[in-house]
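Listed here are the chains, written in short residue letters.
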Amino acid sequence: MKKVAKEPARKAPSLSGGEEHLRRVRRICTALPQTTEKLSHGAPTFFVAKKVYAMFVNNHHNDGHVAVWIPVAPGLQATLLKTEPHKFYMPPYVGVRGWVGVELDAVSDDELGFHLCEAWRLIAPPKTRSASGSARQRVRGIYD
């Protein structure tokens, strides 16, 4: 009889800290120009110019992740998944389109701010990006 190898155990996220993580994500996203938030597919979702750039998930379909799903620059997804698997994972539905899941327990506010700003920059129309100045400066300002 052939033994089936078990997957390595992964640290369980702090599901009870979901509300605090949502506050972290919301605080950063609302500092970005023309961001709106609404529920989409039952999850708090952040838009710029009616396009999604971040989605907060708390144990989505009991997957154990408290995370934010974001788009990343072309080619970056594979690098993040390979080099930092404790921070990033392939999310369902949008992973095939180059998005990553960011484990919120595994990133600082500063790192989260960086990733959310980059996601916003990838999705925001050029006019919005140029009129807003540095999105990163706006986000840094909320922690000062």
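In case you missed it, the structure is sitting above this.
Here we summarise the structure given alongside this text.

Here's the deal with unusual backbone geometry
Inference 1: Although it is not a glycine, His41 sits at a positive phi angle of roughly 55°.
Inference 2: Tracing the backbone shows His41 in the loop between strand S1 (35-40) and strand S2 (43-48).
Inference 3: Of note, the phi angle at Ala49 is positive, near 50°, even though the residue is not glycine.
Inference 4: Summarising the element assignment, Ala49 is placed in the loop between S2 and strand S3 (51-58).

Some thoughts on the pairing of strand S6 (residues 99-103)
Inference 1: In terms of burial, S6 is largely enclosed, as five of its five residues are buried.
Inference 2: Covered by surrounding structure in S6 are Trp99, Gly101 and Glu103 together with Val100 and Val102, the residues of both alternating faces.
Inference 3: The pairing of strand S4 (residues 66-71) with S6 spans five bridges and is classified as antiparallel. Bridge pairing in S6 links Trp69 to Gly101.
Inference 4: Pairing between strand S5 (residues 88-89) and S6: two bridges, direction antiparallel.

A short note on the state of the cysteines
In protein structure, a disulfide is the covalent linkage between the sulfur atoms of two cysteines.
Inference 1: The full count for this structure, using the stated rule, is zero disulfides.
Inference 2: Cysteine Cys29 shares no disulfide, and the gap to the nearest cysteine sulfur, in Cys117, comes to 8.7 Å.
Inference 3: Classification of Cys29 by relative accessible area gives buried; the value is 0%.
Inference 4: Since its relative accessible area comes to 4%, Cys117 is described here as buried.

Concerning the packing of aromatic side chains
The geometry of two aromatic rings is summed up by the distance between their centres and the angle between their planes.
Inference 1: According to the stated counting rule, one finds one aromatic pair in the structure shown.
Inference 2: Above the plane of the ring of Phe47 lies Lys38, whose end atom (NZ or CZ) is 5.0 Å from the centre.

Some points on the pattern of salt bridges
Inference 1: A complete count under the given rule lists seven salt bridges for this structure.
Inference 2: Across the salt bridge formed by Arg24 and Asp109, the nearest N and O atoms sit 2.6 Å from each other. Here Asp109 lies in helix H3 (residues 109-123) and Arg24 lies in helix H1 (residues 18-29), a separation of 85 residues in the sequence.
Inference 3: The shortest N-O distance in the salt bridge between Glu37 and Arg26 comes to 2.7 Å. Here Arg26 lies in helix H1 and Glu37 lies in strand S1, a separation of 11 residues in the sequence.
Inference 4: Residue class for Arg26 comes out partly exposed when judged on its relative accessible area of 30%.

Considering the nonpolar core
Inference 1: Counting 26 residues, the largest nonpolar core has Val25, Tyr53, Ala54, Val68, Ile70, Leu112 and Leu116 as its most contacted members.
Inference 2: At the level of elements, H1, S2, S3, S4, S6 and H3 are the ones that each hand at least two residues to this core.
Inference 3: It is H3 that provides the largest number of residues to this core, a total of five residues.
Inference 4: In this view, Val68 contacts Val25, Ala54, Met55, Phe56, Val100, Gly101, Val102, Leu104, Leu112 and Leu116; residues no more than four positions away in its chain are not counted.
Inference 5: Core analysis: the next-biggest nonpolar cluster, separate from the first, contains eight residues, Met55, Ala67, Val94 and Trp99 among them.

The rules behind each value
Residues numbered from 1 in each chain as written. Predicted model: local features only at pLDDT ≥ 70, side-chain atom pairs only at ≥ 80, totals over all residues. Heavy atoms only, no water. Helix = DSSP H or I, 4+ residues; strand = E, 2+ residues; numbered from the N terminus. Buried < 20%, exposed > 50% of the residue type's maximum accessible area, 1.4 Å probe, protein only. Pairing = 2+ DSSP bridges. Disulfide = S-S within 2.5 Å. Phe/Tyr/Trp six-rings, centres within 6.5 Å; stacked < 30°, edge-to-face > 60°. Lys NZ or Arg CZ within 6 Å of the ring centre and 35° of its normal. Salt bridge = Lys/Arg side-chain N within 4 Å of Asp/Glu carboxyl O. Core = buried A, V, L, I, M, F, W, Y, C linked by side-chain atoms within 4.5 Å. Contact = heavy atoms within 4.5 Å.

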